[in-house]
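Listed below, chain by chain, are the residues.
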Amino acid sequence: MQKYHLSHLSQLENEAVFIMREVASQFEKPVLLFSGGKDSIVMVRLAQKAFWPAKIPFPLMHIDTGHNFEETIEFRDNLVKELGVELIVASVQESIDEGKAVEEKGANPSRNKLQIVTLLDGIEKHKFDAAFGGGRRDEEKARAKERFFSHRDEFGQWDPKNQRPELWNLFNGKKHMGEHFRVFPLSNWTEMDVWQYIAAENIPIPHIYYTHEREVVKRDGVYLANSPFISLLEGEKIEKKQIRFRTIGDMTCTGAVVSDASKIEDIIMEVSAARETERGTRTDDKRSEAAMEDRKKEGYF
């Protein structure tokens, strides 16, 4: 395998490690939000480096929509077992059963927005005062408004106009009772940086990031994986394609790309030539011009 020794990756790593250590020093009960996607996997590796030789000093929390890729859940469980860290699973289905969230109707009902109440309940239940997220500023314009330390009020809501300055790498974690912070160590990373870091560190990732044959249906220009969670519309048909996923979320809203990238170098070459961001394949972001920002204001990741 080609080796990647890029100075900018070392700088990004050092910045992220510094931020994680700042959180450990300023907050009493942090948690790392873990989806099983590449960004959260990279954050786990960074946390290992930040606190080595000790174990990662905070738990991982997965907001389980019930619409996951099986491969992602298997990878999550194997990683947690290998690292010996605590895993907290907060269930969207439980939120629905308790009447706190309402299932969407339609051909491919997404539970993406429903994660908000489950996430906020999980933070409140376990008294977390800081939650690491894998958001990057290059992903989407709403994410570009985030700071490293992103303040959330007592209702878990985000006000993009009320964020604190972060001059000279000074981070203000002061908060009132009931408030918390979302912390984004990968803010200055790009999708390419993430893939190059995975290559440099030889980090295992779920195999659905690589090319594989899968049954898909083309909907609104996006290939969605065939699953029990979607229903075919008139004129649609299931077909087999050689695809991979650039980002991993709900099966109902995570689009695939046709690809023959079978190894990390292929993915890097593919990403370098891409003319659409990875979230361009996420149908939940296409529901409105400000879909992501609206969700974030309500407490989304």
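The structure we're discussing is the one just above.
What comes next is a walk through the structure. (Residues numbered from 1 in each chain as written. Predicted model: local features only at pLDDT ≥ 70, side-chain atom pairs only at ≥ 80, totals over all residues. Heavy atoms only, no water.)

**Quick notes on the overall build of the chain**
When you go through the chain residue by residue, the secondary structure sums to eight helices and ten strands. Burial analysis of the chain (301 residues in total) assigns 55% to the buried set. Counting only carbon and sulfur atoms, one obtains 50% of the accessible surface of the chain, whose full area is about 14,400 Å². (Helix = DSSP H or I, 4+ residues; strand = E, 2+ residues; numbered from the N terminus. Buried < 20%, exposed > 50% of the residue type's maximum accessible area, 1.4 Å probe, protein only. Areas by Shrake-Rupley, 256 points an atom, 1.4 Å probe, with all protein chains shown as cover.)

**Focus: the side chain of Arg-76**
Here Arg-76 lies in helix H3 (residues 70–83). Those residues in contact with Arg-76 that sit more than four places away from it in its chain are Phe-34, His-62, Leu-87 and Val-89. (Contact = heavy atoms within 4.5 Å.)

**Let's talk about the pairing of strand E9 (residues 239–244)**
Both strand E7 (residues 212–219) and E9 contribute to a ladder of five bridges, which runs antiparallel. If you follow Glu-213 over to E9, its bridge partner there is Gln-242. Pairing of E9 with strand E10 (residues 255–258), which is carried by two bridges, proceeds in the antiparallel orientation. Following the sheet pairing, Ile-243 is matched in E10 by Val-258. (Pairing = 2+ DSSP bridges.)

**Notes on the side chain of Asp-129**
Summarising the element assignment, Asp-129 is placed in the loop between helix H5 (115–125) and strand E4 (130–132). Within the structure, Asp-129 has its side chain in polar contact with the backbone nitrogen of Lys-29 (distance 2.9 Å). When neighbours within four sequence positions are excluded, Asp-129 is seen to be in contact with Phe-27, Glu-28, Lys-29, Pro-30, Lys-175, His-180 and Phe-181. (Polar contact = N/O pair within 3.5 Å; in protein donor to acceptor, adjacent residues only side chain to side chain.)

**Here's the deal with helix H2 (residues 38–51)**
Taking 1.5 Å of rise per residue, the 14 residues of H2 would be expected to cover 20 Å, and the 20 Å separating its terminal C-alpha atoms lies within 8% of that figure. By the criterion of burial, H2 is predominantly enclosed, with twelve of the 14 residues buried. By the burial criterion, the buried members of H2 are Lys-38, Asp-39, Ser-40, Ile-41, Val-42, Met-43, Val-44, Arg-45, Leu-46, Ala-47, Ala-50 and Phe-51. Here the buried face of H2 lies against helix H1 (7–26), strand E1 (30–33), strand E2 (60–64), H3, E4 and helix H6 (191–201). (Expected span 1.5 Å × (residues − 1).)

**Structural notes on the environment of Gly-133**
In this fold, Gly-133 is placed in the loop between E4 and strand E5 (149–152). Along the backbone, Gly-133 and Ser-40 are 93 residues apart, and their C-alpha atoms lie at a distance of 7.4 Å. Apart from the residues within four sequence positions on either side, Gly-133 is in contact with Met-43, Val-183, Phe-184 and Pro-185.

**Comments concerning the packing of aromatic side chains**
Inspection of the entire model under this criterion finds eight aromatic pairs. Judged by centre distance (5.4 Å) and plane angle (85 degrees), the rings of Trp-195 and Tyr-209 are edge-to-face. One end of the pair, Trp-195, is in helix H6; the other, Tyr-209, is in the loop between H6 and E7, with 14 residues separating them in the sequence. What makes Tyr-209 buried here is its relative accessible area of 1%. Feature note: the residues Phe-27, Phe-149 and Phe-181 constitute an aromatic cluster, connected by ring pairs. (Phe/Tyr/Trp six-rings, centres within 6.5 Å; stacked < 30°, edge-to-face > 60°.)

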